[in-house]
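# Reading the structure
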Amino acid sequence: MAPKASITPTPRSARAAGAAGTPGTTEPTGARGTAGAARPEGRGKVAGLLLAAGGGRRLGGRPKALLEHRGRPLVEHAARVLREGGCAPVHIVLGAAAAAVRERAELSAYTVSENPDWAQGMGSSLRVGLAALAGSGADAVVVALVDQPGIGAAAVARVVAAYEGGASLVAATYGGRRGHPVLFGADRWGRIAASAEGDRGARAYLREHAAAITLVECGDVAEAYDIDTPEDLRRLE
């Protein structure tokens, strides 16, 4: 069976159980911002989860969250994109240089968790983030990566609009190639957390459930490049 391509949102009436996994320290850092896109009544609560723990190994050990973009740390830009795309609340997982990120970035509108095992890869940060969201009342979560500044609020909003319920599984595509952001209905969080490991994150789960994914083309409103190497730094503004 091919992945789903049509998007026909229906109301969500029941919240699902939270995720399995070992949480990091979750600390509310201030009042949460208002989502930039209104969500129709009955659509469910879609949270945002920004994975921003990487140490930038190929960037000479420069944490990606602290890279400067438009005059501010990249983590601020990425978190704002989730909020303006319609996600609320927005959670951020930090890891490398977490204390410096907290000091330099303005994150008071978000909830911040720290992943002490960030060096083990993206999977550990995904587990921390899903566990932190377990008590948030969210019906789904949109997961984004801090090192993709070419993906803006328009792409996030398209993914949010594809939410259909607790079993939703949605991914943005770029020229037909699957990428971020991705949306996970809360019914799936426990199984996703259990399968997340290393730098693969939820890749194994998505591959196993490819037929259930609603694909949302975003190539006309975003670019899915990563900031991984010194050569990529030219893409920052």
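Source: prediction; values computed, not measured.

## Remarks on the overall build of the protein chain
In terms of regular secondary structure, the protein chain is built from six helices and ten strands. Taking all 237 residues of the protein chain together, the buried fraction comes to 51%. Taking the intrachain contacts of the protein chain between residues at least 6 apart in sequence as the baseline, contacts between residues at least 24 apart amount to 75%.

## Focus: the confidence of the model for the protein chain
A residue-level look at the protein chain finds 82% of positions with pLDDT of 70 or above and a mean pLDDT of 84. Counted against residues more than four places away or in other chains, residues 5–42, with its pLDDT under 50, gives 92 contacts.

## Thoughts on the pairing of strand S6 (residues 111–114)
Relative to S6, strand S5 (residues 90–94) runs parallel, the two sharing four bridges. Looking across to S6, one finds that Leu94 is bridged to Glu114.

## Section: the nonpolar core
Ranked by internal contacts, the top residues of the largest apolar core, which has 45 residues, are Leu50, Val75, Ile92, Leu94, Leu107 and Val142. Of all the elements in the fold, those that place two or more residues in this core are strand S2 (46–52), helix H1 (74–84), S5, helix H2 (98–104), strand S7 (140–145), helix H4 (153–161) and strand S8 (169–174). At six residues, H1 tops the list of elements feeding residues into this core. With sequence-adjacent residues up to four places away left out, Ile92 is seen in contact with Leu50, Ala52, Val75, Ala79, Leu107, Tyr110, Thr111, Val112 and Ser113. The next biggest cluster of nonpolar side chains, apart from the first, holds 25 residues, and it includes Ala138, Ala171, Ala202 and Leu206.

## What to know about H4
All of the buried residues in H4 are Ala155, Val156, Val159 and Val160. The buried residues of H4 occupy an angular sector of 140 degrees when projected down its axis, which confines them to one face. Residues of H4 that are buried in the fold lie against S2, H1, S7, S8 and strand S9 (177–185).

## Here's the deal with the environment of Met122
Structurally, Met122 can be placed in helix H3 (residues 122–133). You can call Met122 partly exposed: its relative accessible area is 25%. A sequence separation of 68 residues divides Met122 from Gly54, and the C-alpha atoms of the two residues are 7.7 Å apart. If we ignore the near neighbours within four places in the chain, the residues touching Met122 are Leu51, Leu145, Gly198, Asp199 and Gly201.

## Topic: the side chain of Ser168
As for its placement among the helices and strands, Ser168 is situated in the loop between H4 and S8. From its side chain, Ser168 meets the backbone nitrogen of Glu164 in a polar contact 2.8 Å long. At 2.9 Å, the side chain of Ser168 forms a polar contact with the backbone oxygen of Gly165. With residues up to four places along the chain from it excluded, the contact list for Ser168 reads Tyr163, Leu183, Phe184, Gly185 and Arg188.

## Let's talk about the pairing of S9
Looking at chain direction, S7 and S9 are connected through four bridges and run antiparallel. Bridging from a neighbouring strand, Val141 pairs with Phe184 of S9. Hairpin connection, S8 to S9: the antiparallel pair is bridged by two residues, and Gly175 has positive phi, about 60 degrees.

Here is what the cut-offs are and how they apply
- Residues numbered from 1 in each chain as written.
- Predicted model: local features only at pLDDT ≥ 70, side-chain atom pairs only at ≥ 80, totals over all residues.
- Heavy atoms only, no water.
- Helix = DSSP H or I, 4+ residues; strand = E, 2+ residues; numbered from the N terminus.
- Buried < 20%, exposed > 50% of the residue type's maximum accessible area, 1.4 Å probe, protein only.
- Contact = heavy atoms within 4.5 Å.
- pLDDT = per-residue confidence, 0-100.
- Pairing = 2+ DSSP bridges.
- Core = buried A, V, L, I, M, F, W, Y, C linked by side-chain atoms within 4.5 Å.
- Arc of directions from axis to C-beta.
- Polar contact = N/O pair within 3.5 Å; in protein donor to acceptor, adjacent residues only side chain to side chain.

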